[in-house]
Amino acid sequence: MASRRDFLKQGAGLCALGALGGPIAAAAASNTTDMSPPPDLFDAQLLDLDFWVKPRTLSVVRPASGERSKVLYWKDGEVIDSAYQELCHLLRDVNGRETAPIDPKLLEMLWGTQAFIARYGLVQPLEILSGYRTEASNKRLIEEGIPAARKSLHMLGKAADIRVAALNEEVLGGLIRSFRQGGVGYYYRSGPKGGWIHADTGLQRTWKG
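What counts and how
Residues numbered from 1 in each chain as written. Predicted model: local features only at pLDDT ≥ 70, side-chain atom pairs only at ≥ 80, totals over all residues. Heavy atoms only, no water. Pairing = 2+ DSSP bridges. Helix = DSSP H or I, 4+ residues; strand = E, 2+ residues; numbered from the N terminus. Contact = heavy atoms within 4.5 Å. Axes fitted to C-alpha atoms, helices over the stretch in contact; angles between N-to-C directions. Buried < 20%, exposed > 50% of the residue type's maximum accessible area, 1.4 Å probe, protein only. Polar contact = N/O pair within 3.5 Å; in protein donor to acceptor, adjacent residues only side chain to side chain.

Trainee: Provide a residue-level description of the sheet that holds strand β3 (residues 78-79), including the pertinent values.
Mentor: Ordered by their spatial adjacency, eight strands build an open sheet running β3-β2-β1-β4-β5-β7-β6-β8, and the pairing between neighbours is mixed. The strands lining the two open edges of the sheet, one partner per strand, are β3 and β8 (205-208). Relative to strand β7 (residues 196-200), strand β5 (residues 159-163) runs antiparallel, the two sharing four bridges. Residue A159 lies in a different strand from β7, and its bridge partner there is D200. Each of β1 (56-62), β2 (67-75) and β3 touches helix α4 (residues 81-90); the most contacted strand, β2, lies at about 145° to it. The sheet strands contacting helix α7 (residues 169-178) are β5, β6 (183-187), β7 and β8, and the helix crosses β6 at an angle near 180°.

In structure tokens:
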């Protein structure tokens, strides 16, 4: 497993556009838009350079622990180490009570999602249902029949299961998928809380669970 230092080296090496900014900014350079999307579709490929150079604050809630936090973790082209550590703690394995380094690219994807929808008045915290998982916690989920891959990227700090109160799974998943930075799993569930979206920084792929 990569150490926190390894991940911070990745974070420190982010250019002014951020880990996701390069390919997205390149696409934006060849597309102009009035930023008025259809009501059921968001496309991150329409983002411009200004979006990626501003400070990045991530607002999250962990239903499993009741924690809420708003963290400024990136400013002036650099990851703020203390804030990064705080986010690693927030995305820890709540059940296994262990913290591990979180891939900075995953944080970029989460922030990008939140900041993008905020441009349209949807100011909502990201509900983190699952972030890092220990091997034991992942195995326990499998034994209980809960969707979990045996070689889950959650165990590497490269995946998160998330939900946004104002968006259904199709819209949220479509937005995350439009970043083109990893895997997106759609977990449709009925009930007051609804389903969730799995986002990771692995190979680009989609599935329904």
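Trainee: Report on the environment of E86, specifying residues and quantitative values.
Mentor: Locating E86 in the fold gives a position in helix α4. Judged by relative accessible area, which is 37%, E86 ranks as partly exposed. For the pair E86 and V71, spaced 15 residues apart in sequence, the C-alpha separation works out to 7.9 Å. Side chain to side chain, E86 and S69 meet in a polar contact 3.0 Å long.

So far we have only geometry, and geometry alone does not tell us how the molecule works.
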